[in-house]
Amino acid sequence: MKSVSKETREKIDRLFRESSFWSRVLASSEEQVELLHEIGFSGEAGAIPEIACLLVEASGPVFRAAGDAAHRLLQTLAPFELAGLDQRIRMIGASDRGLDHGWRKLRSSGLRRFASSEFAASLFGLVSFHNDGYVREAAVNGLSALDDGQELPFLLIRLNDWVAPVREAAAQAVSARLRPECAAHFLRNLRLVLRLQACGRTNRALVDSVCELLRKPECREVLQSGMKSGDRSLRRASFQLAAGAEQSVRSIIVKAALTDTDSVARAWAVRRFLPEVAATELPSVAIPMLSDRFMPVRRDALWALATKCPALATEALKRGLLDRHVGIREVARHFLSADAGFDVHHFYLEAMEAGDASTLGAVIRGLGETGEAEDAARVVPFLEAPKPQVRRAAVYAVGKLNAEPFGAKLIRLLADETPGVSREALKALTPKARHQSLEELWRLFTLEQRVFVRRNVLMLILYFGKWQKLPPILLACADKDVRLAGLAQDALRDWLRNYNRSFAEPTRTDFEKIQDALTQAEDRLPHRAALEIRACLKDYFP
C-alpha cells in the first residue's frame, strides 16, 4: 500500500492538529467534515488507519463523514490487499497521538453504533483488524449479520485469526454463505480463499468447501466470468480452480486459457490439459500453439505432438530446429535424433547455404550448438553482418564452436554498437579470457566512451591471473564513471579477501605495474587497500 501524498498528509495533520481530547471536541465539525470528504475522494488508501482512529471517538456529522471516507477508500483496494491493511491497522498506536490511544482502548461495547451505519460492512471490517481479540470477535459477529457480500473478505481474513473464538465465529459465518447465490461473492475474493491454503491456522476443510462450491455445475457461469475477468490474478486463480471441475466444463476452460492474453495462463493450460488430449484430437489443438509467442507454450505443445503423434510431428520438429529459442531447438533435436536418417548438422549447413533472412539467426545458433570446431570458420563472415541479431548469433556460434583462433575479432566486437552483441562477445571470450591480450583490452577500456562496452571489458579482465589483473583493477577504481569505479572497488575487495586461495607469485614486471597503479589510484582505493597490497608484495619483493 502506497504512502499518502504530501497534500493528503497535510489534510490529515490538519484533522489531528490538536492532540488533546477537548481541542478536538471544540474544533469546527464543518472543517473536519470537509477535510474527511476531501481525503475520502483522494483515493489514497494509506489514509485509512488515521480515519479508523477517528471513528472511535467521533460522533454526529464527523462520524458519518469518517465512515463515508473509510468506505470510499476501502473500495479502492482489491480484496487481496485487505490482508496487508490488516497488518497496517494492527500497528496503530505506535505514535503519540491521543486518538491512537483511543483506538487501543476500543472495547466490543463501542461497536454497537456501527450496525446502524450505511457503511456497516466497512466499519465492522476495519474494526475486525483491531489488536484486541474481543473487539475482533464482536466485529465478526457484526459482519455475520450482513449478507450483501461486502463483509466476506473481512470474514475470510479472520479465518486465519490467532484467537480460536474469532476463527470459529468467522468459520461459522463463512459456512452459512456456502450457497450458490453467494458464489459470485466468493469468486471476487478467490485470491483470499486460495491464500488460506498456505495459512497454518485455517480450517482446510472449509476452504475446500468454498472451492467445491465454485466448481458446482450451477456455479459454472460464475466461474467462467472469473476466467474472463480483467484482473489477471483472478483469471489465473479461476483457471486453476476450474481445472478440477467436471469434464463438461473443462473444454471451456481449455479454450479460454489458450486464448488468454496472459502468457502464464496459456503455459499453465498447455501443461495441465495437453497430456489428457486424445491423439486423434491433439494435432488440431497443439499445432496452433506452435506459433505462440511464449516459448514454454511452443515447447510443451511440440513435445506433446512429438510424443503422441510422431508421424505428424516431423515437419513441426524441423521448423522447431529453426526456432529463435534454444529450448525449442533442443526439443526438436531430441526427437529428430531418434531418426538415424536425419542429420541435424547437415540440415543446418543446407539452411545456411539457402540464406533465408527470416531464420538465418536461428540457423547460425543451431550450427553453433551442433557443429564441429572447423565450422567456426563458416560462421566468422557473419560477424560483420549488418543486422545486429545476425552478428549476435554469429558471436554465439563462434563461442560455442571454437573461439580461441578468433579472439581478436571477438575483442573488436566487444565495442559493437549494440549492447547485446557486446555482451555475447563477453560470454564467448570468458572461457579463454587469459589467452587474450590484456594490453589490448585495457587500451579498449581507456579509449572507449560507452559504459556498456567498458563494463564488459572490465568484466573480462577480472578473469585474468591473480597478479596480472590487479593493475587494471586498481586503475579502474579511480575511473571517472562511478558505476565502473564501484565495480572495480568490489573486485579489489574480492581480490584481497581471496588472496590466500592462490599461490601464484608475481613477476618483477607485475610488481612494477602494481606499484605504478598504486601511485596513480591510491586516493580512490577502499580503506586500507593500498596498505594491504603493499604488505602482500613485501613477501616477494622485500
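### A closer look at the overall build of the chain
Step number 1: When helices and strands are counted, the chain shows 34 helices and zero strands.
Step number 2: In terms of overall size, the chain is more extended than a compact globule, its C-alpha atoms giving a radius of gyration of 33 Å where 542 residues would be expected to give roughly 24 Å.
Step number 3: Each of the three principal axes of the chain carries a C-alpha extent, and together these read 85 × 75 × 40 Å.
Step number 4: Counted over contacts in the chain with a minimum sequence separation of 6, partners at least 24 positions apart contribute 67%.
Step number 5: One finds the centroid of the 77 positive side-chain charges in the chain at a distance of 1 Å from the centroid of its 69 negative side-chain charges.

### Notes on the pattern of salt bridges
Step number 1: Summed over the entire model, instances satisfying the criterion amount to 32 salt bridges.
Step number 2: Here Asp 490 ties to Arg 493 by a salt bridge, and the two come within 3.0 Å at their closest N and O atoms. With Asp 490 and Arg 493 both in helix H32 (residues 482-497), this residue pair falls three residues apart, about one helical turn.
Step number 3: Classification of Asp 490 as partly exposed rests on a relative accessible area of 43%.

### Regarding unusual backbone geometry
Step number 1: A positive phi angle, close to 65°, is found at Arg 528, a residue other than glycine.
Step number 2: Structurally, Arg 528 can be placed in the loop between helix H33 (508-521) and helix H34 (529-538).
Step number 3: Under the relative-accessibility criterion, Arg 528 is labelled partly exposed at 48%.

### Here we look at helix H9 (residues 133-144)
Step number 1: When the terminal C-alpha atoms of H9 are compared, their 16 Å separation across twelve residues agrees well with the 16 Å that a helix rising 1.5 Å per residue should span.
Step number 2: Against helix H8 (120-127), helix H10 (152-158) and helix H11 (164-175) lie the buried residues of H9.

### Observations regarding the packing of aromatic side chains
Step number 1: Counted by the stated rule, this structure contains 14 aromatic pairs.
Step number 2: Aromatic pair Trp 467 and Tyr 540: ring centres 5.7 Å apart, planes at 80°, arrangement edge-to-face. One end of the pair, Trp 467, is in the loop between helix H30 (451-461) and helix H31 (470-476); the other, Tyr 540, is in the segment after H34, with 73 residues separating them in the sequence.
Step number 3: Exposure remark for Tyr 540: the relative accessible area of 27% places this residue in the partly exposed category.
Step number 4: Members of the aromatic cluster, each reached through a chain of ring pairs, are Trp 467, Trp 495, Tyr 499 and Tyr 540.
Step number 5: In this structure, Arg 113 packs its charged tip against the face of Phe 63, placed 4.2 Å from the ring centre.

### Some details on the side chain of Ser 122
Step number 1: When you line up the elements, Ser 122 lands in helix H8.
Step number 2: With relative accessibility at 3%, the residue Ser 122 sits in the buried group.
Step number 3: Filtering out sequence-adjacent residues up to four positions away, Ser 122 remains in contact with His 71, Leu 74 and Gln 75.

### Points about the state of the cysteines
Step number 1: What the rule picks out here adds up to zero disulfides.
Step number 2: Cys 477 supplies the cysteine sulfur nearest to Cys 536, a cysteine that is in no disulfide, at a spacing of 15 Å.
Step number 3: For Cys 536, a relative accessible area of 11% translates into the label buried.

### Thoughts on the environment of Gly 355
Step number 1: With respect to the element layout, Gly 355 can be found in the loop between helix H23 (344-354) and helix H24 (360-370).
Step number 2: Between the C-alpha atom of Gly 355 and that of Asp 208, which follows or precedes it by 147 residues, the distance is 58 Å.

### Details of the packing of H32 against H34
Step number 1: In contact at an axis separation of 11 Å, H32 and H34 are set at 40° when each is read in the N-to-C sense. Overall, the two elements H32 and H34 adopt an arrangement that is oblique. Read as a crossing pair, H32 and H34 show a hand that is left-handed. In this structure, H32 contributes Leu 492, Trp 495 and Leu 496 to the contact, and H34 contributes Ala 529, Glu 532 and Ile 533.

### Some details on the nonpolar core
Here is a general trend for soluble globular proteins: nonpolar side chains tend to be buried in one another's company.
Step number 1: Ile 364, Val 379, Leu 414, Leu 474, Leu 492, Leu 525 and Ile 533 are the most contacted members of the largest nonpolar core, which has 95 residues in total.
Step number 2: Counting 90 residues, the second largest nonpolar core, distinct from the first, contains Ile 12, Ile 48, Leu 111 and Phe 273.

### Here we look at H33
Step number 1: Look at H33: 20 Å from first C-alpha to last across 14 residues, which is about the 20 Å you get at 1.5 Å a residue.
Step number 2: Within the span of H33, buried status applies to Asp 510, Phe 511, Ile 514, Ala 517, Leu 518 and Ala 521. When H33 is viewed along its axis, its buried side chains cluster within an angular range of 130° and face the same direction. Counted as exposed and oriented over 90 degrees from the buried face of H33: Thr 519 and Gln 520.

### Things to note about the environment of Asp 161
Step number 1: Relative to the assigned elements, Asp 161 resides in the loop between H10 and H11.
Step number 2: Spatially, the C-alpha atom of Asp 161 lies 10.0 Å from that of Cys 199, the residues being 38 residues apart in sequence.
Step number 3: At 2.7 Å, the side chain of Asp 161 and the side chain of Arg 136 are in polar contact.
Step number 4: Here the side chain of Asp 161 touches Val 163 through a polar contact of 2.8 Å, landing on its backbone nitrogen.

### Observations concerning the confidence of the model for the chain
Low-pLDDT portions of the prediction should not be read for the details of their coordinates.
Step number 1: Per-residue pLDDT for the chain averages 89, and the proportion of residues at 70 or more is 94%.
Step number 2: Here residues 94-99 is a poorly scored stretch, pLDDT under 50, and it has 14 contacts once near neighbours within four places are set aside; other chains count.

### Regarding the packing of helix H1 (residues 6-15) against helix H3 (residues 29-42)
Step number 1: Following both chains from N to C, one finds H1 and H3 inclined at 150°, their axes separated by 10 Å at the closest point. Overall, the two elements H1 and H3 adopt an arrangement that is roughly antiparallel. Considering how the two elements wind past one another, H1 and H3 form a crossing that is left-handed. In contact with Thr 8, Lys 11, Ile 12, Arg 14 and Leu 15 of H1, H3 contributes Glu 31, Gln 32, Leu 35, Leu 36, Glu 38, Ile 39 and Ser 42.
Step number 2: Tallied by class, residues from the contact of H1 with H3 come to five nonpolar, three polar and four charged.

### With respect to the environment of Ala 256
Step number 1: Its place among the elements puts Ala 256 in helix H17 (residues 247-258).
Step number 2: Using a relative accessible area of 22% as the deciding quantity, one classes Ala 256 as partly exposed.

### What to know about the side chain of Arg 177
Step number 1: For Arg 177, the position within the fold is in the loop between H11 and helix H12 (183-188).
Step number 2: On the basis of relative accessible area, Arg 177 is assigned to the buried category, the value being 5%.
Step number 3: At 3.5 Å, the side chain of Arg 177 forms a polar contact with the backbone oxygen of Leu 143.
Step number 4: Side-chain polar atoms of Arg 177 contact the backbone oxygen of Ala 173, separated by 2.7 Å.
Step number 5: With near-sequence residues (within four places) excluded, Arg 177 lies in contact with Leu 143, Ser 144, Leu 146, Asp 147, Glu 151, Leu 152, Leu 155, Cys 182, Phe 186 and Leu 213.

About the criteria used
Residues numbered from 1 in each chain as written. Predicted model: local features only at pLDDT ≥ 70, side-chain atom pairs only at ≥ 80, totals over all residues. Heavy atoms only, no water. Helix = DSSP H or I, 4+ residues; strand = E, 2+ residues; numbered from the N terminus. Rg over C-alpha atoms; globule rule 2.2 N^0.38 Å. Contact = heavy atoms within 4.5 Å. Lys, Arg positive; Asp, Glu negative; His and termini not counted. Charge placed at Lys NZ, Arg CZ, Asp CG, Glu CD. Salt bridge = Lys/Arg side-chain N within 4 Å of Asp/Glu carboxyl O. Buried < 20%, exposed > 50% of the residue type's maximum accessible area, 1.4 Å probe, protein only. Expected span 1.5 Å × (residues − 1). Phe/Tyr/Trp six-rings, centres within 6.5 Å; stacked < 30°, edge-to-face > 60°. Lys NZ or Arg CZ within 6 Å of the ring centre and 35° of its normal. Disulfide = S-S within 2.5 Å. Axes fitted to C-alpha atoms, helices over the stretch in contact; angles between N-to-C directions. Parallel < 35°, antiparallel > 145°, perpendicular 65-115°, else oblique. Left-handed = near helix turned anticlockwise from the far one by under 90°. Core = buried A, V, L, I, M, F, W, Y, C linked by side-chain atoms within 4.5 Å. Arc of directions from axis to C-beta. Polar contact = N/O pair within 3.5 Å; in protein donor to acceptor, adjacent residues only side chain to side chain. pLDDT = per-residue confidence, 0-100. Nonpolar A, V, L, I, M, F, W, Y, C, P; charged D, E, K, R; others polar.

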